[in-house]
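# Remarks on the overall topology
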Amino acid sequence: MVTIYDVAKKTGYSITTVSKVLNNYPNVSEKAKEKVERVVKELGYMPNSSARTLATKKSKMIGVVFSEDSDVGITHPFFSRVFESFKKQVELYNYDMLFVSRNIENNQSYYSHLKNRGVDGVIVVVSESEEVENELLGSDIPVVFIDALIENTNAVYSDNSFGSMMAVDHLYELGHRKIAHITGKSTLFTAMERIQGFQMAIEKHQLTIPANYIVDGGYFTYEGGRVAMMKLLTLTDPPSAVFVSGDEMAIGAIKAVKEAGLRVPEDISIIGFDDISMAKYTDPALTTIRQDTDRIGRQAAVLLLDEIDGDTKNHRSKVIPVSLVKRDSCQPYI
């Protein structure tokens, strides 16, 4: 097996110089870089990750923690798109991903497990676990939380409250006054933000909304939206429009309306939140609030890599703008 010592011997350079070339250090001459790279190719040398970590004090590994109870995790269209964007960005800097299971061996803490694996940084997605937060906040491992606002750390999330206001404003402009809201699980940061935005918009337009117009749809799932919509349809005075806190729930809500023998948007208008890829293909195509998943992923990567590289010690929160996407699931109230 070819080692770094073989490369150093063949090139005539020290192991330190060879290591600097392999790890893209800037303070290496072009002559040395070209010679080392040529010999590496000739010998077929593959850098050992453990040796690289010792030389650079970096593992080039980022831990990924999903902390939520729906068992959907990264398979949800929103998170898969955010993670793909994050992954593309960090791969430009030769980082790999390490997904951390809930079932950590020997009952280790998240912190101990991540520390033992030598990760350079961590992203935490959908945190609703105080255990995860308490273990990682204030630790010596750089951390970025995605889709959550956690004090004293880096966080990236959409402008959920403003997005909800945009959704209600759109329905109001279409003439709707009986506007209901299917929420996400109320303990989740995104759900709370969207509920707050909905309530602010209702107050702004001086609307009176019955308490039973706000229904918990749970963990942003299709079935959760379907069941919540069924509850709204059983009301004596059902709404003319519904703002749904997530697109998968909104698709489930559309299904419930059809099962009840009604039509969207002729009998009831529905607007979602996310703009997942399926939103444009539903029948009818779903009007929704678009989250910029590419920008969320890229921004999370920038914050994490900056802290890993020591470029900043100041924790930052980045709020990503949202936009209204008009399709066919909403129409003027008649």
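Residues numbered from 1 in each chain as written. Predicted model: local features only at pLDDT ≥ 70, side-chain atom pairs only at ≥ 80, totals over all residues. Heavy atoms only, no water.

### What to know about helix H3 (residues 30–43)
The terminal C-alpha atoms of H3, which comprises 14 residues, lie 20 Å apart, in line with the 20 Å expected from a rise of 1.5 Å per residue. Within the span of H3, buried status applies to Ala32, Val36, Val39 and Val40. Take H3 and look down its axis: the buried residues cluster within an arc of 105°, on one side only. Across H3 from its buried face, at more than 90 degrees, point the exposed residues Glu30, Lys31 and Lys41. Of the surrounding elements, those touching the buried residues of H3 are helix H1 (4–11) and helix H2 (15–22). Looking one or two places after H3, you find Gly44, whose phi comes out positive at around 70°. (Helix = DSSP H or I, 4+ residues; strand = E, 2+ residues; numbered from the N terminus. Expected span 1.5 Å × (residues − 1). Buried < 20%, exposed > 50% of the residue type's maximum accessible area, 1.4 Å probe, protein only. Arc of directions from axis to C-beta. Contact = heavy atoms within 4.5 Å.)

### Observations regarding the packing of H1 against H3
Where H1 meets H3, the axes come as close as 10 Å, and the angle between the chain directions of the two elements is 125°. The angle between H1 and H3 places the two elements in the oblique class. Crossing of H1 against H3: the hand is right-handed. Across the interface between the two elements, Asp6, Val7, Lys10 and Thr11 of H1 pack against Lys35, Val36, Val39, Val40, Glu42 and Leu43 of H3. (Axes fitted to C-alpha atoms, helices over the stretch in contact; angles between N-to-C directions. Parallel < 35°, antiparallel > 145°, perpendicular 65-115°, else oblique. Left-handed = near helix turned anticlockwise from the far one by under 90°.)

### Points about the sheet that holds strand E10 (residues 287–291)
Strand order in the open sheet formed by 6 strands is E7-E6-E8-E9-E10-E12, and the pairing between neighbours is mixed. Pairing within the sheet leaves two strands with one partner each, and these edge strands are strand E7 (214–216) and strand E12 (322–325). With direction set aside, neighbouring strand axes in the sheet form an average angle of 15°. Note: strand E6 (residues 179–183) against E7, 3 bridges, orientation parallel. Paired with Ile182 across the strands is Val215, a residue of E7. Contacts from helix H11 (residues 247–259) reach E6, strand E8 (241–244), strand E9 (269–274) and E10, with the element oriented near 160° to E9. (Pairing = 2+ DSSP bridges.)

### Comments concerning the sheet that holds strand E2 (residues 96–100)
Note on sheets: strands pair through backbone hydrogen bonds, and any given pair is parallel or antiparallel. Taken in spatial order, the 6 strands line up as E2-E1-E3-E4-E5-E11 in an open sheet, and their pairing is parallel. The open sheet has two free edges, formed respectively by E2 and strand E11 (317–320), since each of these has just one partner strand. Between one strand axis and the next, the sheet turns by 20° as a mean value, whatever way the strands run. Across 5 bridges, the pairing between strand E1 (residues 61–66) and E2 is parallel. When the bridges of E2 are listed, Ile62 appears paired with Met97.

### As for empty space enclosed by the protein
Applying the stated rule across the entire model yields 2 cavities of 30 Å³ or more. Taken as a whole, the second largest cavity encloses approximately 40 Å³ of empty space. Forming the walls of the second largest cavity are Phe66, Phe79, Val82, Phe83, Ile123, Val125 and Ile146. Among the elements of the structure, helix H5 (77–91) and strand E3 (121–125) are those that each provide at least two residues to the lining of the second largest cavity. Class assignment for the residues of the lining of the second largest cavity results in 7 nonpolar, no polar and no charged. (1 Å grid on protein atoms, 1.4 Å probe; cavity = no way out; pocket = protein on both sides within 12 Å on 5 of 7 lines; lining within 4 Å. Points joined across faces, edges and corners; volume = space filled by probe spheres on them. Nonpolar A, V, L, I, M, F, W, Y, C, P; charged D, E, K, R; others polar.)

### A word on the nonpolar core
Ranked by size, the top nonpolar core spans 45 residues in total, and within it Ile182, Met229, Leu232, Val242, Val244 and Ile270 carry the most contacts. Every element with two or more residues in this core is listed here: helix H8 (160–173), E6, helix H9 (189–204), helix H10 (222–233), E8, H11 and E9. When residues in this core are grouped by element, the largest group, 7 residues, is from H11. The residues touching Ile270, leaving out its near neighbours within four places in the chain, are Met229, Val242, Val244, Ala250, Ala253, Ile254, Val257, Val264, Leu286, Thr287, Ser329 and Cys330. Ranked by size, the runner-up nonpolar core spans 23 residues in total, among them Val90, Val144, Ala300 and Ile320. (Core = buried A, V, L, I, M, F, W, Y, C linked by side-chain atoms within 4.5 Å.)

### Notes on the environment of Asp328
Relative to the elements of secondary structure, Asp328 occurs in the segment after E12. For the pair Asp328 and Pro284, spaced 44 residues apart in sequence, the C-alpha to C-alpha distance is 5.6 Å. For Asp328, the contacting residues outside a window of four places in its chain are Pro265, Pro284, Ala285 and Thr287.

### Here's the deal with the pattern of salt bridges
Under the criterion given, the structure shown has 14 salt bridges. Across the pair Arg194 and Asp274 runs a salt bridge, and its minimum N-O distance is 4.0 Å. Of the two residues, Arg194 is situated in helix H9 and Asp274 in strand E9; the sequence distance between them amounts to 80 residues. With relative accessibility at 5%, the residue Asp274 sits in the buried group. A salt bridge links Arg327 to Asp275, with the nearest nitrogen and oxygen atoms 3.0 Å apart. Here Asp275 lies in the loop between E9 and E10 and Arg327 lies in the segment after E12, a separation of 52 residues in the sequence. Each member of the pair, Arg327 as well as Asp275, is classed as buried. (Salt bridge = Lys/Arg side-chain N within 4 Å of Asp/Glu carboxyl O.)

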